Amino acid sequence: MGAVYRAKQKSLNRRVALKVLAPNLAADLRLLQRFQLEARTASLLQSPNVVQVFAAGEWEGNHFFVMEYVEGRDLYDVMKE
């Protein structure tokens, strides 16, 4: 549904993962609501197996949420093995 970037939250001086909804998908209200539901649902989960969601929002038409950054291997690479 979007792209995930490694970013820095300057206010707390920490590395985070930033998930951004693809602009062409944000035009579809159903997909936008699904993206927002994903952020809300993930923010309610507390497990060592699920990253924390710190914030969600929209900036200049770009919808995003900010998550805990976890160092490690790409899931795609793990699944190939």
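Residues numbered from 1 in each chain as written. Predicted model: local features only at pLDDT ≥ 70, side-chain atom pairs only at ≥ 80, totals over all residues. Heavy atoms only, no water.

Engineer: So what exactly am I meant to see when it comes to the overall build of the protein chain here?
Structural biologist: Counting its secondary structure elements, the protein chain contains three helices and four strands. Secondary structure elements in the protein chain, listed N-terminal to C-terminal, are β-β-α-α-β-β-α. Counting only C-alpha atoms, the protein chain reaches 35 × 35 × 20 Å along its principal axes. In the protein chain, which comprises 81 residues, the proportion classed as buried is 20%. For the protein chain, the exposed area adds up to about 6,400 Å²; of that, 53% sits on carbon and sulfur atoms. (Helix = DSSP H or I, 4+ residues; strand = E, 2+ residues; numbered from the N terminus. Buried < 20%, exposed > 50% of the residue type's maximum accessible area, 1.4 Å probe, protein only. Areas by Shrake-Rupley, 256 points an atom, 1.4 Å probe, with all protein chains shown as cover.)

Engineer: Even after reading the chapter, I still don't get the side chain of His 63, so can you show me in this structure?
Structural biologist: Here His 63 shows up in strand S4 (residues 62-68). With residues up to four places along the chain from it excluded, the contact list for His 63 reads Lys 19, Val 20, Leu 21, Ala 26, Leu 32, Phe 35, Gln 36, Gly 57 and Glu 58. (Contact = heavy atoms within 4.5 Å.)

Engineer: For this particular structure, what's the right way to read helix H2 (residues 29-44)?
Structural biologist: Since the α-helix advances by 3.6 residues per turn, residues separated by three or four positions end up pointing in the same direction. Here H2 contains 16 residues, and its C-alpha end-to-end distance of 23 Å stays within 8% of the 22 Å for a straight helix at 1.5 Å per residue. Among the structural elements, strand S2 (14-21), helix H1 (23-26), strand S3 (53-59) and S4 are those in contact with the buried residues of H2. Its side-chain oxygen 2.9 Å from the backbone nitrogen of Arg 30, Asp 28 forms the N-cap of H2. (Expected span 1.5 Å × (residues − 1). Polar contact = N/O pair within 3.5 Å; in protein donor to acceptor, adjacent residues only side chain to side chain.)

Engineer: Looking at this model, I keep getting lost on unusual backbone geometry. Mind explaining?
Structural biologist: Its identity as a non-glycine residue notwithstanding, Asn 13 has a phi of 50 degrees, on the positive side. The class for Asn 13 is exposed, based on a relative accessible area of 55%. Residues other than glycine seldom take positive phi values, yet Glu 60 does so here, at roughly 50 degrees.

Engineer: Would you explain the pairing of S2 in this entry?
Structural biologist: When a strand is regular, its side chains alternate between the sheet's two faces. Two elements, strand S1 (residues 2-9) and S2, share eight bridges in a ladder whose sense is antiparallel. Bridge pairing in S2 links Gln 9 to Arg 14. Here S1 folds back onto S2, and the loop between the two strands holds four residues, one of which, Asn 13, carries a positive phi near 50 degrees. (Pairing = 2+ DSSP bridges.)

Engineer: Sorry, what's going on with the side chain of Lys 19 here?
Structural biologist: Among the structural elements, Lys 19 can be located in strand S2. A polar contact is formed between the side chain of Lys 19 and the side chain of Glu 38, at a distance of 2.8 Å. Ignoring anything within four residues of it in the chain, the contact list for Lys 19 reads Ala 3, Val 4, Phe 35, Glu 38, His 63, Phe 64, Phe 65 and Met 67.

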